[in-house]
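Results of the structural survey
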Amino acid sequence: MAREQPNVGDLLPLLETSDLQQLEEIRNLINEQLSTERGSMLLNGLVDYFLETNSAQVLHILSSVREPHDKHLLDKMNDCMAKPACRLPILMLLGHVVRKQPSWIHKIARYPLLLSLLKCLKVTSHIYTKPEWFLLESETVWKSL
């Protein structure tokens, strides 16, 4: 009898469990499906879920993607760079991928994702985060003393 594959969409919310054994089982199921599926549907769903929830568990799974899913991940990230609301989470994901140094890291330089990133940086002159605003304000206060 063939083993029925669980619906990954139903498993994703379960990644936020505090039960470490259940978390490991769910991660293994998702990674197993990633290793057997060659299409982009599962990976795109993982990226979409990450964008919606900022899930650290999905971030871990996505940053550990192996070939041939690297192409799907880079394509999906490039598509998301076109949407301003998605840029910061995608940059965070890209940072995690780069830190993991997968075997396919050299491919990033040849993908349109790098051009999209450069275009985004060229168009967006200043993006301040809260700590940067604090530093700017404290610098202003310091100079006025």
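Cut-offs applied
Residues numbered from 1 in each chain as written. Predicted model: local features only at pLDDT ≥ 70, side-chain atom pairs only at ≥ 80, totals over all residues. Heavy atoms only, no water. Salt bridge = Lys/Arg side-chain N within 4 Å of Asp/Glu carboxyl O. Helix = DSSP H or I, 4+ residues; strand = E, 2+ residues; numbered from the N terminus. Buried < 20%, exposed > 50% of the residue type's maximum accessible area, 1.4 Å probe, protein only. Axes fitted to C-alpha atoms, helices over the stretch in contact; angles between N-to-C directions. Parallel < 35°, antiparallel > 145°, perpendicular 65-115°, else oblique. Left-handed = near helix turned anticlockwise from the far one by under 90°. Contact = heavy atoms within 4.5 Å. Nonpolar A, V, L, I, M, F, W, Y, C, P; charged D, E, K, R; others polar. Core = buried A, V, L, I, M, F, W, Y, C linked by side-chain atoms within 4.5 Å. Patch = residues over 30% accessible without salt bridge, like charges linked within 9 Å, V, L, I, M, F, W, Y side chains within 5 Å. Areas by Shrake-Rupley, 256 points an atom, 1.4 Å probe, with all protein chains shown as cover. pLDDT = per-residue confidence, 0-100.

**Some points on the pattern of salt bridges**
One pass over the full model with this rule turns up five salt bridges. Between D70 and K107 there is a salt bridge; the shortest N-O distance is 3.0 Å. Taken together, the residues span a long stretch of sequence, with D70 in helix α5 (residues 69–81) and K107 in the loop between α6 (84–100) and α7 (112–123) at a distance of 37 residues. Take D70: its relative accessible area is 2%, and that puts it in the buried class. Between K71 and D75 there is a salt bridge, with the nearest N and O atoms lying 2.8 Å from each other. With K71 and D75 both in helix α5 and four residues apart, the pair spans about one turn of that helix.

**A look at the packing of α5 against α7**
Running from N to C, α5 and α7 cross one another at 25°; their axes reach a closest spacing of 9 Å. Between α5 and α7, the angle is such that the two are roughly parallel. α7 is crossed by α5, and the crossing has left-handed handedness. Facing L74, M77, N78 and M81 of α5, the residues of α7 in contact are P112, L113, S116, L117 and C120. Here the contact of α5 with α7 is composed, by residue class, of seven nonpolar, two polar and no charged.

**Some points on unusual backbone geometry**
With an omega of 10°, the peptide bond running from E67 to P68 counts as cis. One can find P68 in the loop between α4 (56–62) and α5. Of note, Q101 is a non-glycine position whose phi angle comes to about 50°, a positive value. For Q101, the location among the structural elements is in the loop between α6 and α7. With a relative accessible area of 61%, Q101 lands in the exposed category.

**A look at the nonpolar core**
Counting 35 residues, the largest nonpolar core has I30, L46, L62 and L73 as its most contacted members. Elements supplying a minimum of two residues to this core: α1 (8–11), α2 (20–36), α3 (41–53), α4, α5, α6 and α7. Broken down by element, the residue count for this core peaks at six residues, all from α3. Those residues in contact with L62 that lie beyond four places of it in its chain are L43, L46, V47, F50, L73, L93 and V97.

**What about a nonpolar patch on the surface?**
On the surface, L114, L115, L118 and L121 cluster together into a nonpolar patch covering about 380 Å² of accessible area. As for its placement among the helices and strands, L115 is situated in helix α7. Residue L115 is classed as exposed on the basis of its relative accessible area of 60%.

**Let's talk about the confidence of the model for the protein chain**
In the predicted model, the protein chain carries a mean pLDDT of 82, and 81% of its residues have values of at least 70. Taken as a whole, residues 133–145 scores under 50 in pLDDT and shows two contacts with residues more than four places along the chain or in a different chain.

**Structural notes on the environment of M92**
Of note, M92 is situated in helix α6. Judged by its relative accessible area of 35%, M92 falls in the partly exposed class. Apart from residues lying up to four places away in sequence, M92 is in contact with F50 and N54.

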